[in-house]
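What follows is each chain in one-letter form.
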Amino acid sequence: MARFSPIMRAVEAFAAAAGAVLGDCNCFHILPEAGVQPWEMIQNSDLKFRCEHVHVRVEQIDTPFTCRCREGQVLRIPIAHGEGNYFAAPDVVDRLERQRQVVFRYTTAEGVVTDQANPNGSTAAIAGLCNEARNVVGLMPHPERACESALGSADGLFVLESVVEWLARRANRPVLERVASVG
């Protein structure tokens, strides 16, 4: 349905022009539907809606949304979904791994991948991916819901402040282009 929305043409064009695009949770579902990313989400393996804080390990730091992170850094960020199970065939996962497109992975607080730390059964514990150009990032957790300690975590700020830093690095671009990138 989203691919038929007129706004999606603008999102596709923005992404194609190297604009930073973040798709979290429901938007992680919309990106492939709109043709911006080739991935598939299915129902959680336990068939339950999950609303809780989880741990994700940062696998790649060369995206607009991870440049303030350290590789291997573990973030505590909430999820809220019933269809958050990233599914892919082994050859697709192998390609994503080779191309360094797995950006976030579900882990324990210590950064260890375990079945228990994977809240929805995602293939290879994948919590977030990027496109080949690295400017489009999709993830199931909600970084915007983890921006203050009073909310249970401020770790989402690493994701959101990364894009601010990424834009600052590109500050030598014309002003109107920088403004368009923000939003």
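The model shown is predicted, which means the values in this text are computed figures rather than measured ones.

Thresholds applied
- Residues numbered from 1 in each chain as written.
- Predicted model: local features only at pLDDT ≥ 70, side-chain atom pairs only at ≥ 80, totals over all residues.
- Heavy atoms only, no water.
- Pairing = 2+ DSSP bridges.
- Helix = DSSP H or I, 4+ residues; strand = E, 2+ residues; numbered from the N terminus.
- Axes fitted to C-alpha atoms, helices over the stretch in contact; angles between N-to-C directions.
- Buried < 20%, exposed > 50% of the residue type's maximum accessible area, 1.4 Å probe, protein only.
- Polar contact = N/O pair within 3.5 Å; in protein donor to acceptor, adjacent residues only side chain to side chain.
- Contact = heavy atoms within 4.5 Å.
- Salt bridge = Lys/Arg side-chain N within 4 Å of Asp/Glu carboxyl O.
- Core = buried A, V, L, I, M, F, W, Y, C linked by side-chain atoms within 4.5 Å.
- Disulfide = S-S within 2.5 Å.

Draft legend 1. Layout of the sheet that holds strand E6 (residues 102–107). Read from one edge to the other, the open sheet built from six strands follows the order E1-E8-E7-E6-E3-E4, with strand pairing classed as mixed. Here the strands that pair on one side only, and so sit at the sheet edges, are strand E1 (21–24) and strand E4 (74–81). Each strand axis lies, on average, 25° off the axis of its neighbour in the sheet, ignoring direction. Two strands pair when backbone bridges link them, and E1 and strand E8 (residues 136–139) are joined in this way by four bridges, in the parallel orientation. Looking at E8, one finds that Leu 22 is bridged to Val 137.

Draft legend 2. Inspection of the pairing of E6 at higher detail. For E6, the tally of buried residues reaches six of six residues, placing the bulk of the element in the interior. Here E6 pairs with strand E7 (residues 126–130) via three bridges, running antiparallel. Bridge assignment links Phe 104 to a residue of E7, and that residue is Gly 128.

Draft legend 3. Region of the structure containing the side chain of Glu 59. Looking at the element boundaries, Glu 59 is found in the loop between strand E3 (50–58) and E4. At 3.1 Å, the side chain of Glu 59 forms a polar contact with the side chain of Arg 105. Once residues lying within four places of it in the same chain are set aside, the contact partners of Glu 59 are Glu 71, Val 102, Val 103, Phe 104 and Arg 105.

Draft legend 4. Expanded view of the pattern of salt bridges. Within the structure shown, the criterion is met by ten salt bridges. Arg 50 is paired through a salt bridge with Asp 46; the nearest N and O atoms lie 3.0 Å apart. Between Asp 62 and Arg 100 there is a salt bridge, with its nearest N and O atoms 2.6 Å apart. Here Asp 62, found in the loop between E3 and E4, pairs with Arg 100, found in the loop between helix H3 (90–98) and E6; they are 38 residues apart in sequence, far enough to count as distant. What makes Asp 62 partly exposed here is its relative accessible area of 35%. Assessed through its relative accessible area of 36%, Arg 100 is described here as partly exposed. A single salt-bridge network, built from bridges that share partners, covers Arg 57, Glu 59, Glu 97 and Arg 105.

Draft legend 5. Examining the side chain of Asn 118 more closely. Mapping Asn 118 onto the fold places it in the loop between E6 and E7. Here Asn 118 is in contact with Tyr 106 and Ala 125, once residues within four sequence places are set aside.

Draft legend 6. Structural detail: the nonpolar core. In this structure, Val 56, Leu 75, Tyr 86, Phe 104, Tyr 106 and Leu 129 are the most contacted members of the largest nonpolar core, which totals 33 residues. Going through the elements one at a time, E3, E4, H3, E6, E7, E8 and helix H4 (156–169) are the ones with two or more residues in this core.

Draft legend 7. Summary view of the state of the cysteines. If you walk through the whole model with that rule in mind, you get zero disulfides. In this structure Cys 69 is not part of a disulfide, and its nearest cysteine sulfur, from Cys 67, lies 7.9 Å away. Under the relative-accessibility criterion, Cys 69 is labelled buried at 5%.

Draft legend 8. View of unusual backbone geometry. Residue Arg 100 is not a glycine yet carries a positive backbone phi of 60°. A positive phi angle, near 60°, is found at Ala 125, a position not held by glycine.

Draft legend 9. How the structure looks around the pairing of E3. Across eight bridges, E3 lies against E4 in antiparallel orientation. In the sheet register, Arg 57 faces E4, and the bridge partner there is Val 74. Bridge analysis of E3 against E6 gives four bridges, and the strand direction is antiparallel. By the bridge assignment for E6, Val 56 is matched with Tyr 106.

Draft legend 10. Representation of the environment of Phe 104 within the structure. Here Phe 104 is to be found in strand E6. Taking the relative accessible area as the measure of exposure, Phe 104 reaches 1% and is therefore buried.

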